[in-house]
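Letter by letter, the chains look like this.
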Amino acid sequence: MSLPVDANANANANVDQKVLQYENFVNEVLKRDLEKVLEQRDSVYEKISLYLQLKNTIQSLQESGSQQLKTDVDLGCNFFVQAEVEDSSKIFVAVGYGFFLEMNYDEALRFIEKKTSQLTAFTEQLTKDSAKIKANIRMVLEGLRELQGVTDLPESRRRDVF
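Residues numbered from 1 in each chain as written. Predicted model: local features only at pLDDT ≥ 70, side-chain atom pairs only at ≥ 80, totals over all residues. Heavy atoms only, no water.

Per an unreviewed UniProt entry, the chain carries the name Protein UXT and comes from Cottoperca gobio.

In structure tokens:
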């Protein structure tokens, strides 16, 4: 009679150990990966925003037609000085990895269009990656639910993982 009780206790201990392993996997691996992907996507969105801001500035400079430009320049630590640009027909655009390239307005606008389309495609890939990670989290949580013998919650009581 004592053998089934010991076997049942061992089975429960193994189930509890598996549950802890899966919970650690979700919390330590999957959620961390999801957080990294979402942070990376937000960073790319910020870059797109900066390029679009530059595009609007270039278009307003083209519309004004003036070669001279007065602006404020940040010297660091939010310390600004007024500057006057005598010939604003060419600008320096950050092309990546700390490199800047001198371009006229038309070249810069073409570059911005290509760069923003590349960055947009990258954000779409990151969004797909985050959806896959969320699906993996959901799958592991469903496995945990089955392992623990918890009944399924009605659809109205469910919430998204993130």
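### Points about the nonpolar core
One finds Tyr51, Ile58, Ile91, Val93, Ala108, Phe111 and Ile137 to be the most contacted residues of the largest nonpolar core, which totals 24 residues. Mapped by element, the contributors of at least two residues to this core are helix H1 (2-64), strand E3 (90-96) and helix H2 (105-148). At 11 residues, H2 tops the list of elements feeding residues into this core. Residue contacts for Ile91: discarding those within four places in its chain leaves Leu54, Ile58, Leu101, Glu102, Met103, Tyr105 and Ala108. (Core = buried A, V, L, I, M, F, W, Y, C linked by side-chain atoms within 4.5 Å. Buried < 20%, exposed > 50% of the residue type's maximum accessible area, 1.4 Å probe, protein only. Helix = DSSP H or I, 4+ residues; strand = E, 2+ residues; numbered from the N terminus. Contact = heavy atoms within 4.5 Å.)

### Here's the deal with the pairing of strand E2 (residues 80-85)
Residues in a regular strand project their side chains so that they alternate between the two faces of the sheet. Examined bridge by bridge, strand E1 (residues 69-74) and E2 share six bridges and lie antiparallel to one another. Bridging across to E2, Val73 finds its partner in Val81. The hairpin turn running from E1 into E2, its antiparallel successor, is five residues long, and Gly76 in that turn takes a positive phi close to 125 degrees. (Pairing = 2+ DSSP bridges.)

### Description of H2
One turn of an α-helix holds 3.6 residues; hence residues three or four places apart share an orientation. A rise of 1.5 Å per residue sets the reference length of H2, with its 44 residues, at 64 Å; its end C-alpha atoms lie 63 Å apart and thus fit the reference within 8%. Near the N-terminus of H2, the side chain that reaches the backbone nitrogen of Asp106, with its oxygen 3.2 Å away, is that of Asn104. Looking one or two residues past H2, Gly149 carries a phi angle of roughly 75 degrees, positive in sign. (Expected span 1.5 Å × (residues − 1). Polar contact = N/O pair within 3.5 Å; in protein donor to acceptor, adjacent residues only side chain to side chain.)

### Regarding the pairing of E3
Examined bridge by bridge, E3 and strand E4 (residues 99-104) share six bridges and lie antiparallel to one another. Paired with Phe92 across the bridge in E4 is Glu102. The antiparallel hairpin formed by E3 and E4 contains two residues in its connecting segment, where Tyr97 sits at a positive phi of about 55 degrees.

### Digging into the side chain of Thr116
Examined against the element boundaries, Thr116 turns out to sit in helix H2. At 3.1 Å, the side chain of Thr116 forms a polar contact with the backbone oxygen of Glu113. Those residues in contact with Thr116 that lie beyond four places of it in its chain are Ile48, Tyr51 and Leu52.

### Here's the deal with a negative patch on the surface
Taken together, the side chains of Glu35, Glu39, Asp42 and Glu46 make up a negatively charged region of the molecular surface. With respect to the helices and strands, Glu35 occurs in helix H1. (Patch = residues over 30% accessible without salt bridge, like charges linked within 9 Å, V, L, I, M, F, W, Y side chains within 5 Å. Areas by Shrake-Rupley, 256 points an atom, 1.4 Å probe, with all protein chains shown as cover. Salt bridge = Lys/Arg side-chain N within 4 Å of Asp/Glu carboxyl O. Lys, Arg positive; Asp, Glu negative; His and termini not counted. Charge placed at Lys NZ, Arg CZ, Asp CG, Glu CD.)

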